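So you can see what is in the structure, the chains are spelled out below.
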Amino acid sequence: MFKISKKEPKYFASAKSKVKLPKVKEAWSDKNISEIRARLRKDILEKEQNNLCIYCEKRISDNSKKSNIDHFKTRNLFPEKSLDYDNLLVSCNVNERCSSLKDSKKSLLKNRDDYENIIDPTIENPNDFFNYLLSGEIVPIDEKKAQFTIDVFNLNQQSLSDERKILADTLKYCTDLSFDEIFENFGYEYQSFIKNIYPKLKEL
């Protein structure tokens, strides 16, 4: 999970202004919004998220089978935020993690108050809450909110931890590279993990 800076596109603001009831959950299905949804998903993913899932940081495409516009605060509990641009993030569609888990029947978020206990990447920097181990595991930095966030999005799903460990094992042989060179060669997938563990690897 990484910090994101949001800037509402003019075309979305224009479409939103045409919705008669913008603060009900059905507003997201309004024709004016449906017509631009694919463009919006692509723009958020490319211009704000570097083509990464906001939660697990896996590289994803803007294909609707691979990604979705996630209402960080779900429309069922926060209908007034249905068209709030700052509430719109792009997530992968992988089962049992990220938005798929957050919005499922298994979700740990049962009411509006529960959202106060997870990290909001639009206003908080997750790097202030998380530490990373060479094993690929994400651990909290003495912060209850961090552990709850990890659990809500299943950020330590085995496949994610395994991939991060493989990346760390590879980076052990690249400790003479700058961050720019690392991202040029490896891409930005798991960027928060790389930024956190690379200095540790250089000290080994």
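The present account deals with the structure reproduced in this document. Only a predicted model underlies this, so the values are computations on that prediction, with no experimental measurement involved. (Residues numbered from 1 in each chain as written. Predicted model: local features only at pLDDT ≥ 70, side-chain atom pairs only at ≥ 80, totals over all residues. Heavy atoms only, no water.)

**Observations concerning the overall build of the protein**
The test is simple: Every helix listed is a DSSP run of H or I at least four residues long, and every strand listed is a run of E at least two residues long, numbered separately from the N terminus. To sort residues, take the accessible area from a 1.4 Å probe on protein chains only and compare it with the maximum for the residue type: under 20% means buried, over 50% means exposed, and anything in between is partly exposed. Any two residues having at least one pair of non-hydrogen atoms within 4.5 Å are treated as being in contact. In short, Shrake-Rupley with a 1.4 Å probe defines the accessible areas, and a residue's cover is counted only from the protein chains shown. Charged residues are defined narrowly, with Lys and Arg counted positive, Asp and Glu counted negative, and His plus the chain ends left uncounted. Lysine's charge is taken at NZ, arginine's at CZ, aspartate's at CG and glutamate's at CD.
Across its full length, the protein carries 8 helices and 4 strands. The N-to-C order of helical and strand elements in the protein reads α-α-α-β-β-α-β-β-α-α-α-α. Each of the three principal axes of the protein carries a C-alpha extent, and together these read 60 × 35 × 25 Å. Relative to its 204 residues, the protein shows a buried fraction of 46%. For the protein, the share of sequence-separated contacts (at least 6 apart) that also reach a separation of at least 24 residues comes to 64%. Accessible area for the protein stands at about 10800 Å²; split by element, carbon and sulfur atoms hold 47% of it. Taking the 36 positively charged and 34 negatively charged side chains of the protein as two groups, their mean positions are separated by 7 Å.

**Let's talk about helix 6 (residues 158-171)**
We apply this condition: Helix span, as expected, comes to 1.5 Å for every residue beyond the first. The arc in question is formed by the directions pointing from the helix axis toward the C-beta atoms.
Taking 1.5 Å as the rise per residue, helix 6 with 14 residues should run 20 Å; its terminal C-alpha atoms sit 20 Å apart, in good agreement. Residues L160, S161, R164, L167, A168 and L171 constitute the buried set of helix 6. Taken end-on, helix 6 shows its buried residues confined to a sector of 125 degrees, consistent with a single buried face. Pointing more than 90 degrees away from the buried face of helix 6 are the exposed residues Q158 and I166. Looking at the buried side of helix 6, the elements it contacts are strand 4 (138-140), helix 7 (179-186) and helix 8 (191-203).

**Here we look at the packing of aromatic side chains**
Using the following cut-off: Note on aromatic contacts: the rings of Phe and Tyr and the six-membered ring of Trp form a pair at centre separations within 6.5 Å, being stacked when their planes are under 30 degrees apart, edge-to-face when over 60 apart, and tilted otherwise.
Tallied over the entire structure, the rule returns 8 aromatic pairs. Both rings, one in F72 and one in Y115, keep their centres 6.5 Å apart while their planes meet at 80 degrees; by these two values the pair is edge-to-face. In this pair, F72 is assigned in the loop between strand 1 (67-71) and strand 2 (88-92) and Y115 in the loop between helix 4 (98-102) and strand 3 (130-132), connecting sequence segments 43 residues apart. Side by side, F72 and Y115 carry an identical accessibility label, which is buried.

**A short note on the packing of helix 6 against helix 8**
So the rule is basically this: Axes, fitted as lines to C-alpha atoms, cover a helix only where it is in contact. Angles between the N-to-C directions of the axes lie from 0 to 180 degrees. When describing relative orientation, an angle under 35 degrees is termed roughly parallel and one over 145 degrees roughly antiparallel, while 65 to 115 degrees is termed roughly perpendicular and anything else oblique. Working rule for handedness: look at the near helix, and if it is turned counterclockwise from the far one by less than a right angle, call the crossing left-handed; if clockwise, right-handed. Classes in brief: Ala, Val, Leu, Ile, Met, Phe, Trp, Tyr, Cys and Pro nonpolar; Asp, Glu, Lys and Arg charged; the others, Gly included, polar.
Interaxial distance between helix 6 and helix 8 falls to 10 Å at its minimum, and their mutual angle equals 40 degrees. The angle between the axes of helix 6 and helix 8 places the two elements in the oblique class. Between helix 6 and helix 8 lies a crossing whose hand is right-handed. Seen from helix 6, the contacting residues are R164, L167, A168 and L171; seen from helix 8, they are F193, I194, I197, Y198 and L201. Within the contact of helix 6 with helix 8, the residues separate by chemical class into 8 nonpolar, no polar and 1 charged.

**Topic: the nonpolar core**
What counts here: As used here, the term nonpolar core means buried Ala, Val, Leu, Ile, Met, Phe, Trp, Tyr and Cys residues forming a set that is joined through side-chain atoms within 4.5 Å.
Core analysis: the biggest nonpolar cluster contains 55 residues, and F12, W28, L40, Y55, L88, F130 and F153 have the highest contact counts within it. The set of elements that each furnish at least two residues to this core consists of helix 1 (10-17), helix 3 (37-48), strand 2, strand 3, helix 5 (144-153), helix 6, helix 7 and helix 8. It is helix 8 that provides the largest number of residues to this core, a total of 5 residues. Excluding its chain neighbours within four sequence positions, the residues that come into contact with L40 are P9, Y11, F12, W28, I69, Y85 and L88.

**A closer look at the pairing of strand 1**
Consecutive side chains of a regular strand alternate in pointing toward one face of the sheet and then the other. Keep this limit in mind: Paired strands, in this sense, are two strands between which DSSP finds at least two bridges.
Buried residues dominate strand 1, accounting for 4 of its 5 residues. Two elements, strand 1 and strand 2, share 5 bridges in a ladder whose sense is antiparallel. If you follow D70 over to strand 2, its bridge partner there is L89.

**A look at a negative patch on the surface**
Condition: For patches, a residue must show more than 30% relative accessible area and have no salt bridge; joins then use 9 Å for like charges and 5 Å for nonpolar side chains, namely Val, Leu, Ile, Met, Phe, Trp and Tyr. One speaks of a salt bridge when a side-chain nitrogen belonging to Lys or Arg is within 4 Å of a carboxyl oxygen belonging to Asp or Glu.
A surface patch of negative charge is lined by D176, D180, E181 and E184. Locating D176 in the fold gives a position in the loop between helix 6 and helix 7. For D176, a relative accessible area of 65% corresponds to the exposed category.

**Examining the pairing of strand 2**
The buried fraction of strand 2 amounts to 5 of the 5 residues, a majority that puts the element mostly inside the structure. Here strand 2 shows no split at all, with L88, V90 and C92 on one side and L89 and S91 on the other all buried.

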